[in-house]
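Here is what each chain is made of, one letter per residue.
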Amino acid sequence: MTSPLKFIRQDVQSMHAYAIQDSKGFIKLDAMENPFALPAEMQTALGERLGKVAINRYPGSRIEDLKTALCSYAQVPVSHGLMLGNGSDELISLLAMACDVQNAKILAPLPGFVMYAMSAQLQGLQFIGVDLTKDFELDEAAMLAAIAQEKPAITYLAYPNNPTANLWDAAIIRKIIAACAAYGGMVVMDEAYQPFSPSSWMDEIKAHPAENANVLLMRTMSKFGLAGVRLGYMTGPEALINEIDKLRPPYNISVLNAECALFALENSEQFKAQAGMITAQRAMLLEALTKIPGFKPFPSQANMILVRVPDSDAMFRPAQSPRHPREKRLEDACSA
Ligand SMILES: *Cc1c(COP(=O)(O)O)cnc(C)c1O
């Protein structure tokens, strides 16, 4: 018998599967999730609501309700459309699929979010990575040169960036958007960390719609506090969103995702308060990290802090010692 594996793409067979580390016995911080659980009374209220959802039916009008609620929550301009993804990861995949015209390329600064390169690779598009400066700012000259030479279909800018946690210089971003607009390239502003950030590109889009006509803005409810729910959304000029939305599997958002997300938006004050606590703790942690000899923490506008350490390999190696009681208390406090 000939193995059916011969019909599985060779590049896929050579890939490593996305590894999810076992966090048992550790304080789980590696996926930038919200550490807070729902308060008990909200758990009960959500349970009751989910119990009433018509799970025998394909997702219907509740999806439209959710889109309306998101447009209002994110204050999406009327000229813009909004589409939903099963997490923004799905939107990133759909974008690669949508832009798979001959010689299309995807460009993003490095280090950056792994899915940009992965989506290009899986779709057979070339990925162009452009290094950030040594302080993790956008390298204006290198970015503009790469854009001029490669004319990428999509340039991704995470705002704030993952894993560097910073907001890049708005003046440089404007130049990148203009450089892409000149040949019809799209710029995707990925605002996964918007709940922790002092600014959003949405304000720029509203203030200068013509200059941002090639900009798509992507957000997710994951870092907000619903990583398990899987809900991302993308807004942009309606005509553009309508085309990309055609690639979306028709029922990509389950009725349970939609109901959970609606519930969270109705209770957004709760999540806003949690984000407030995280940003307050961020300042304290940053301050404490600067006091450790040899550590260089970088400013953060997200829910993580990038730190340069003397020996990152040694630091990464899992600790063999039993957990310190203080860690346990911190974990209990977070899950309370
Ligand atoms: C976490 C993250 C995402 C993916 O979010 P999901 O909605 O959970 O798929 C996208 N972009 C960036 C920059 C992220 O950090």
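Anything mentioned here points back to the structure above.
Residues numbered from 1 in each chain as written. Predicted model: local features only at pLDDT ≥ 70, side-chain atom pairs only at ≥ 80, totals over all residues. Heavy atoms only, no water.

The local shell around the ligand holds 13 residues, among which Ser 88, Asp 190, Thr 220, Ser 222 and Lys 223 are the closest. Asp 89 places a main-chain nitrogen or oxygen 3.0 Å from an oxygen atom of the ligand. When the free accessible area of the ligand is taken as 380 Å², the share hidden by the protein chains comes to 94%. At the level of secondary structure, the elements contributing two or more residues to the shell around the ligand comprise α4 (88-98) and α9 (222-226). Here the shell around the ligand is composed, by residue class, of four nonpolar, five polar and four charged. (Near = heavy atom within 4 Å. Polar contact = N/O pair within 3.5 Å; in protein donor to acceptor, adjacent residues only side chain to side chain. Areas by Shrake-Rupley, 256 points an atom, 1.4 Å probe, with all protein chains shown as cover. Helix = DSSP H or I, 4+ residues; strand = E, 2+ residues; numbered from the N terminus. Nonpolar A, V, L, I, M, F, W, Y, C, P; charged D, E, K, R; others polar.)

With that settled, consider helix α5 (residues 114-123). All buried positions along α5 are accounted for by Met 115, Tyr 116, Ser 119 and Ala 120. Projected down its long axis, α5 carries its buried residues within an arc of 140°, all on one side. Directly beyond the C-terminal end of α5, a positive phi value near 75° is found at Gly 124. (Buried < 20%, exposed > 50% of the residue type's maximum accessible area, 1.4 Å probe, protein only. Arc of directions from axis to C-beta.)

As a further point, take the environment of Phe 127. Locating Phe 127 in the fold gives a position in strand β3 (residues 126-131). Given the relative accessible area of 24%, Phe 127 is considered partly exposed. Between the C-alpha atom of Phe 127 and that of Ala 104, which follows or precedes it by 23 residues, the distance is 9.2 Å. Beyond its immediate sequence surroundings of up to four residues, Phe 127 is in contact with Ile 106, Leu 107, Ala 108, Leu 110, Tyr 116, Ala 117 and Ala 120. (Contact = heavy atoms within 4.5 Å.)

Fair warning: the whole summary comes from geometry, so function is off the table for now.
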